[in-house]
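Spelled out, the chains give:
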Amino acid sequence: MSISRRSFLKGLLASSGAALVGPGLLQVAHAATAEEAGKWKVSGSHWGAFRARVYAGKVQEIKPFNVDKYPTDMLNGIKGIIYSPSRIRYPMVRYEWYLNRDKSDTTKRGDNRFIRVTWDEAITLFHDELERMQTQYGPWALHAGSTGWRQTGQFHACGNHMARAIAMHGYSVNKVGDYSTGAGQTIMPYVLGTTEVYAQGSSWPVILKESKTIILWADDLVKNLQVGWNCETHESFEYLEQLKDKIAKKEIRVISIDPVVTKTQDYLDCEHQYINPQTDVPFMLAMAHTLYKEELYDKKFIDTYALGFEEFVPYLLGETKDKVEKTPEWASAICGIKADDIREFARLLVKQRTQIMVGWSIQRQQHGEQPYWMAAVLATMMGQIGLPGGGISYSHHYSSVGVSSTGAAGPGGFPRNPDKPDNRIHKNQDFNGYSSTIPVARWVDCILEPGKKIQANGATITLPDVKMMVFSGCNPWHHHQDRNNMKKAFHKLETVVSIDFTWTATCRFSDIVLPACTQWERNDLDLYGSYSARGVIAMHKLVDPLFQSKTDFEIFALLAGKFGQQQDYTRGKTEMQWVEELYNDCATANKAGFEMPDFNTFWKEGFVDFGKGEDWVRQADFREDPEINALGTPSGFIEIFSRKIDRYGYKECQGHPMWFEKSERSHGGPGSDKHPIWLQSCHPNKRLHSQMCDSQQFRETYTVKGREPIYLNAQDAQHRGIKSGDLVRVFNLRGQLLAGAVISKNYPTGVARIEEGAWYAPIDESIGSLDTYGDPNTLTQDIPTSELAQATSANTCQVEYEKFTGKVPAVTAFNGPNEVA
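Because the structure is predicted, anything quoted here is derived from the model rather than measured. (Residues numbered from 1 in each chain as written. Predicted model: local features only at pLDDT ≥ 70, side-chain atom pairs only at ≥ 80, totals over all residues. Heavy atoms only, no water.)

Digging into the sheet that holds strand β1 (residues 39-43)
In space, the three strands of this open sheet follow the order β1-β2-β3, with antiparallel pairing throughout. In this open sheet, the two edge strands, each paired with only one partner strand, are β1 and β3 (58-64). Taken pair by pair, the neighbouring strands of this sheet meet at an average axis angle of 30°, ignoring direction. (Pairing = 2+ DSSP bridges. Helix = DSSP H or I, 4+ residues; strand = E, 2+ residues; numbered from the N terminus. Axes fitted to C-alpha atoms, helices over the stretch in contact; angles between N-to-C directions.)

Here it is as structure tokens:
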């Protein structure tokens with residue numbers, strides 16, 4: 001069954017994020033033998049589908065789903081999540097807040113002193129604070145819009161449950177964008193007409209057949225494709241195996257452009273092009289300069305499919321703006337690549353069919369919009385967009401993008417909004433002059449600088465005076481930047497509520513903490529394969545909810561009951577009635593093309609397989625007829641120069657892609673002497689962001705003396721007297737942390753890595769406190785990419801490190817709260 005670009009994402013929830021390990025570290029498992037004690041049940045996760053043997057009310061073992069030929073070893077961490085010592089066992093309230101409510105000493109947030117309360121008391125406190133916000137202030141005082149990767153499962157999606165219940169009570173501040181791709185998803189609709197970062201890419205079989213050169217630009221496929229937004233299939237690894245074979249036979253040339261040797265490069269045994277950190281744009285500009293000067297660019301393609309090249313060329317030639325010609329010699333001094341090598345690289349791009357694959361990390365830096373825009377300009381000059389095996393992709397490292405989609409509809413989800421627009425207890429929509437929606441990464445600014453006006457994507461945003469925040473299945477004390485700045489913000493909040501299953505740092509810095517259960521303690525279903533739509537998988541409840549934890553459905557139904565809306569919230573349905581309804585709706589949507597069994601048969605078997613999809617080439621229809629199949633840009637064409645952005649008048653994101661120097665950089669500039677090491681904080685290899693960090697036994701397979709690893713260059717480490725296994729203090733003016741040294745040949749001088757998602761574990765709640773485990777966001781800058789996206793700039797970060805001496809503090813992250821009787 002063929003698929004159009006507009007139908008391949010049926011049933012996929014629109015949300016954020018990305019990344020993790022490589023092929024086959026677990027053996028492919030089949031049905032359990034008869035003599036094994038217990039019952040085998042099917043379930044799913046971001047790390048893939050699996051079968052669990054349950055005996056005596058406990059998960060005894062987990063084996064990969066038989067359809068998954070390339071399971072990740074992170075499946076070994078699932079039992080550790082269920083039975084983690086970090087589980088939230090009971091409803092808890094911060095002791096100081098319990099005594100004094102909104103008059104509490106907020107500087108004590110994070111002291112980890114909590115008192116146990118009943119469910120009824122906890123829900124009453126939650127409801128009373130929502131009431132107080134709406135009556136004492138207004139909807140502008142409540143921010144309940146932060147979301148994260150949530151646990152898998154369509155019905156129990158925690159963000160939907162929170163959004164619906166809060167909205168049925170009243171209005172609140174919401175967010176736009178996400179941390180994973182904030183700059184990219186904002187700039188690309190102006191350039192190529194969609195966010196691109198969440199778009200299906202050309203099918204791998206087409207790329208393997210047609211491409212002669214593949215450029216992996218800051219793109220670590222093998223690490224990142226271990227996880228998916230929905231239940232992951234790992235089908236991409238079949239094609240990576242084929243790619244590895246073609247590289248060995250010299251049928252395809254693959255080059256990884258990255259400061260470090262990636263896991264993908266190690267696996268594929270492909271070429272490496274070193275580049276100085278954060279200098280991708282000068283390299284791209286110099287290649288564009290070469291293509292223009294040597295007349296190697298595709299003039300006909302540009303004339304037919306693009307606008308604004310004439311406005312861009314004068315900047316390239318140094319005739320406008322900074323008056324600097326973007327020659328390879330100019331770029332070489334910045335990016336660290338020889339001028340002649342830059343010219344050869346440019347010629348290589350147009351010599352044969354070339355597929356560029358860009359990762360997400362290079363847009364998580366100051367001016368992160370620019371490398372994405374400039375990469376699109378480079379691809380346009382190459383003239384291969386829309387050709388099989390050519391063009392550019394910004395998503396092939398995510399959720400098995402490139403695995404051909406079946407076109408089947410996936411199951412829908414629990415509704416996020418009230419069933420009726422006026423079905424709210426508090427109908428007040430007066431935001432007191434503040435904006436009701438803010439860029440996702442600017443919520444700390446709201447708390448610290450209420451009333452400040454900022455520019456964002458063509459609009460003027462007035463930051464609301466937020467007094468209360470609600471988080472559900474969301475851990476901003478992982479994904480936001482600059483921990484000590486966050487502490488200052490949390491000192492100003494009156495109330496913080498967290499709903500989660502584990503004691504994240506967000507919970508520790510909250511006032512009311514409600515214990516949700518894990519996804520394996522409830523029934524649900526999920527799309528198997530976010531982009532391939534390979535099938536629908538049952539998520540059987542493996543064990544009953546531990547301790548006093550409840551499902552998000554139950555928690556927010558209780559909250560809705562406090563304001564008389566429980567029946568409307570649930571629509572009078574139970575968990576299993578909802579799951580069955582979502583399945584039946586999916587079967588109806590697929591009736592014309594994919595026959596699905598009745599619900600009882602599906603639930604017993606655990607899986608409906610839609611089979612393989614048809615190959616597809618991204619933007620082929622646009623190339624075939626750019627008028628009938630126009631892009632979603634203002635003009636309908638590729639926009640090298642954006643008149644719309646130019647009219648905004650922004651200083652740091654102008655009418656065409658440009659090179660802007662960074663506030664902190666590793667090739668010389670402010671801060672380089674005191675803090676000379678560029679710190680990467682990319683997606684982890686052994687987690688999904690912060691998920692699974694609490695899985696103790698699995699965490700111990702990669703930690704160093706109980707700390708998060710910091711990956712170091714040997715020469716840098718030797719200069720500081722450090723060897724693998726040492727504890728290291730990493731610091732800058734924003735904070736300090738402990739990490740365990742791992743010396744690696746994959747890291748050049750001046751570059752280190754601490755993977756994001758490491759749990760924040762300060763010695764105490766004071767500002768400047770040493771983080772005992774190794775959260776890199778203790779050190780990162782909380783500054784926007786530019787006035788356009790206002791997105792995170794986590795990778796613009798310079799640090800120094802030294803061997804730690806003195807008494808080693810205990811890690812404070814994983815043991816739960818100090819309960820006050």
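What about helix α15 (residues 369-382)?
Taking 1.5 Å per residue as the helical rise, α15 with its 14 residues ought to reach 20 Å, and the 20 Å between its terminal C-alpha atoms agrees with that figure. α15 sits mainly inside the fold: 14 of its 14 residues count as buried. Backbone geometry just after α15 places Gly383 at a positive phi near 80°. (Expected span 1.5 Å × (residues − 1). Buried < 20%, exposed > 50% of the residue type's maximum accessible area, 1.4 Å probe, protein only.)

Description of the pairing of strand β17 (residues 468-472)
For β17, a buried count of five out of five residues is recorded, marking the element as mostly surrounded by other parts of the structure. Burial along β17 is two-sided: Met468, Val470 and Ser472 facing one way and Met469 and Phe471 facing the other are all buried. Pairing analysis gives two bridges linking strand β6 (residues 142-143) to β17, with the strands arranged parallel. Paired with Leu142 across the strands is Met468, a residue of β17. Pairing analysis gives five bridges linking β17 to strand β18 (residues 495-500), with the strands arranged parallel. Within the sheet, the bridge partner assigned to Met469 lies in β18 and is Val496.

Here's the deal with helix α18 (residues 483-490)
Among the eight residues of α18, seven are classified as buried, and the element is accordingly described as predominantly covered. For α18, every residue scored as buried is listed here: Arg483, Asn484, Asn485, Met486, Lys487, Ala489 and Phe490. Where α18 is buried, its residues meet α16 (443-448), β17, α17 (476-479), β18 and β27 (735-743). (Contact = heavy atoms within 4.5 Å.)

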